[in-house]
Amino acid sequence: MGNLRFLIAPTQVPEDWSDLHRAYLNAVDGRVFPTRIEVDGNVLTFRRQTSQSCKLNIVWHVTDFGRPIVRTASLAEREEPYVLSLELARGKISTLKDQLSNWQIAGLVIPQALIKLHDEAFHAFSQAAVIQDQLERCSELADLALQKAHAAAEMLVQLYARQRLTILHQRAQSLKLPVSLGCNLGTLIPDSSERAQICQAFDAVNVDLVNWKNIELYEGDQNWDQCDQQVDWCEKNNLLIRGGCLLDFAPEGLPDWLESWKLDMVNFQSIVSHFIETAITRYTGSIRNWTLVSAMNTGGVFGLNEETRLTLTARAIEVAKQTDDSIQCFIRVEQPWGDYLSKGQHQLSPMQFVDAIDRLGVGLSGIDLELSIGYFPNGSHHHDMLDMSKLIDKWSMLNLPLHLTLAFPSDDTVVNERDKSISRVQASQWKTGWSEAAQAEWLELYLPLLLAKPAVTGVYWSQFRDQDACRFPHSGLVNQDGKAKPALDTVTKYHRQYWRA
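Residues numbered from 1 in each chain as written. Predicted model: local features only at pLDDT ≥ 70, side-chain atom pairs only at ≥ 80, totals over all residues. Heavy atoms only, no water.

Draft legend 1. The overall build of the chain, seen in detail. For the chain, the count of helices and strands is twelve helices and 18 strands. The 501 residues of the chain split such that 57% are buried. In the chain, 75% of the contacts between residues at least 6 apart in sequence involve partners at least 24 apart. In the form shown here, the chain has an accessible surface area of approximately 20700 Å², with 48% of it arising from carbon and sulfur atoms. Of the charged side chains in the chain, 47 are positive and 61 negative; the average position of the first set lies 5 Å away from that of the second. (Helix = DSSP H or I, 4+ residues; strand = E, 2+ residues; numbered from the N terminus. Buried < 20%, exposed > 50% of the residue type's maximum accessible area, 1.4 Å probe, protein only. Contact = heavy atoms within 4.5 Å. Areas by Shrake-Rupley, 256 points an atom, 1.4 Å probe, with all protein chains shown as cover. Lys, Arg positive; Asp, Glu negative; His and termini not counted. Charge placed at Lys NZ, Arg CZ, Asp CG, Glu CD.)

Draft legend 2. Unusual backbone geometry, seen in detail. Cis rather than trans, the peptide bond between glycine 244 and cysteine 245 has omega equal to 20°. With respect to the element layout, cysteine 245 can be found in strand β11 (residues 240-248). Even without a glycine there, the phi angle at glutamine 335 is positive, about 50°. Mapping glutamine 335 onto the fold places it in the loop between β13 (328-334) and α9 (350-359). On the basis of relative accessibility, which here comes to 8%, the residue glutamine 335 falls in the buried class.

Draft legend 3. Local environment of α9. Of all the residues in α9, the buried ones are Pro350, Met351, Phe353, Val354 and Ile357. Buried residues along α9 cover an arc of 160° about the axis, so they all sit on one side. In this structure, the buried side of α9 is in contact with α8 (306-323), β13, β14 (366-372) and α10 (385-396). (Arc of directions from axis to C-beta.)

Draft legend 4. Structural detail: the pairing of strand β9 (residues 180-184). With respect to burial, β9 is a largely interior element, five of its five residues being buried. Here β9 shows two buried faces, one formed by Ser180, Gly182 and Asn184 and the other by Leu181 and Cys183. The pairing of β9 with strand β10 (residues 204-207) spans three bridges and is classified as parallel. Among the inter-strand pairings, asparagine 184 is bridged to a residue of β10, identified as asparagine 206. Remark: the β9/helix α4 (residues 192-201)/β10 crossover connection has right-handed handedness. (Pairing = 2+ DSSP bridges. Right-handed = clockwise from strand over helix to strand, strands pointing away.)

Draft legend 5. Quick look at the packing of α8 against α9. The N-to-C vectors of α8 and α9 enclose an angle of 45°; their axes lie 10 Å apart at closest approach. Between α8 and α9, the crossing angle belongs to the class labelled oblique. Read as a crossing pair, α8 and α9 show a hand that is right-handed. Residues Glu306, Arg309, Leu310, Thr313 and Ile317 of α8 pack against Phe353, Ala356 and Ile357 of α9. (Axes fitted to C-alpha atoms, helices over the stretch in contact; angles between N-to-C directions. Parallel < 35°, antiparallel > 145°, perpendicular 65-115°, else oblique. Left-handed = near helix turned anticlockwise from the far one by under 90°.)

Draft legend 6. Spatial organisation of the sheet that holds strand β7 (residues 69-71). Here we have four strands laid out as an open sheet, ordered β3-β2-β6-β7, and antiparallel in their pairing. The sheet terminates laterally at β3 (32-33) and β7, the two strands that pair on one side only. In the sheet, strand β6 (residues 55-59) pairs with β7 via three bridges, with the strands oriented antiparallel. Each bridged residue has a counterpart across the sheet, and for asparagine 57 the counterpart in β7 is arginine 71. Strand contacts of helix α1 (residues 84-105): β6 and β7, with the helix running at about 85° to β7, the strand carrying the most contacts.

Draft legend 7. Structural context of the pattern of salt bridges. Enumeration according to the criterion identifies 26 salt bridges in this entry. Arginine 36 is the salt-bridge partner of glutamate 38, the closest N and O atoms lying 3.1 Å from each other. Judged by its relative accessible area of 47%, arginine 36 is partly exposed. For aspartate 228, the salt bridge goes to arginine 282, with nearest N and O atoms at 2.8 Å. Of this pair, aspartate 228 sits in helix α6 (residues 225-236) while arginine 282 sits in helix α7 (residues 265-282), placing them 54 residues apart in sequence. Residue class for aspartate 228 comes out partly exposed when judged on its relative accessible area of 26%. (Salt bridge = Lys/Arg side-chain N within 4 Å of Asp/Glu carboxyl O.)

Draft legend 8. Examining the nonpolar core more closely. In this structure, Phe202, Met388, Trp395, Trp442 and Val459 are the most contacted members of the largest nonpolar core, which totals 140 residues. Among the elements that make up this core, the one with the highest residue count is helix α3 (residues 135-171) (15 residues). Discounting residues that sit within four places of it in the chain, methionine 388 has contacts with Trp337, Leu371, Ile373, Trp442, Tyr446, Leu449 and Leu450. Among the nonpolar cores identified, the runner-up in size contains 23 residues, and Phe6, Ala23, Phe33 and Val62 belong to it. (Core = buried A, V, L, I, M, F, W, Y, C linked by side-chain atoms within 4.5 Å.)

Draft legend 9. Up close: the packing of helix α11 (residues 436-452) against helix α12 (residues 486-498). At a closest axis distance of 7 Å, the pairing of α11 and α12 adopts a crossing angle of 25°. Relative to α12, the element α11 lies roughly parallel. In the crossing of α11 with α12, the sense of the turn from one axis to the other is right-handed. Between α11, through Glu436, Gln439, Ala440, Leu443, Glu444, Leu447 and Pro448, and α12, the contact on the second element is made entirely by Pro486, Ala487, Thr490, Val491, Lys493 and Tyr494. Considering only residue class, the contact of α11 with α12 consists of eight nonpolar, two polar and three charged. (Nonpolar A, V, L, I, M, F, W, Y, C, P; charged D, E, K, R; others polar.)

Structure representation (structure tokens):
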């Protein structure tokens, strides 16, 4: 068994380290190791089965940037413990330097202010590196280096996004970006005022009423009425429709009655195939983009194992394409950073899961990455803009179009602690805490980046209204009282800027 040990300055040890369970080790190629964490005073020990070099990913307070996930550079196992804050600064500065170099080579114009921040970060890190025997002072300088590196990284990614969007917009003959900007309607059949809000902010919608648990609560008793009304409304308002997800492998995601068939996999697959065929046939010509399956990489429903979920996902795509070969079939990946693998309950990483399905040749059209920031257990922790950029680049390597489904909380009030299907909003991770203003600020920073990525062909907000945001509470763009949040104005601003008629 391999161990990595880290020293923390006593003044840096938090009183409440409830996010420590999110820490994990991963290899240079991105594989996440099952990780056991031990705390002894100001010494952290991370244990895994292999002794190869790896990176530590941990929640860390960064001044002015909240509590994002920060990672070290690749570290070898050694007897002497590393200084944690110093290694986190080393890892961030290394990532920053690599990305800065790559984008400069690609033609990105770098201002002097960014170079100054980069140099200040490196200077503080250099000072810290030579006084590691003075733990407190070393940690103070390393934290300063980390703050400067995050500031430089945010400025760098914003520059990339602005310059890239300017080029894309100039190339677009219709003055529209080649990206769908949409939201999930939930159970809403919009009235006239809601119609104006939706059509001014989005050119696409997701109809997730086409979900097996909604459609067939009792075996053999299907009700499509509300879904039909929603699809009809979308068509009348000339909105691009994305349907699904049809099959949700998250806990409580499939109809309860289906569990009785799980030991008879032949008939289980037959029932699944019949529902997929029925849904696709019903909306042939109306819905051409489908998110067929979600949470297949993390699972949870009925205790189905990875092999079964892989088989069912492949079968769902195959049946959908056989029913209508003109549709686009996406699958939704939950927690795309793969941090859930640290618990040792899964064998395949998110990318391995998707790659395995793609290699089967069943007709996978693209990947829908679910980025639900600040939620647990089904969401992802806050990552800075550079980490987000690198995540999208990593998934782009599969050469499949990417959709992104986003959620960000505007409040942390507990909705229903007993319902396993509802994620909890974690202790504040964002720069200013969870609020409606913070939700708008996050969108203002991250939406341009996501729209600028070449592989991204669709960006969807997870829920339009809070009352429909069951799985990710407080993530809607309209609150429980029907009042629009500032985030809706942010989306509307970008829609007007980049999707002019």
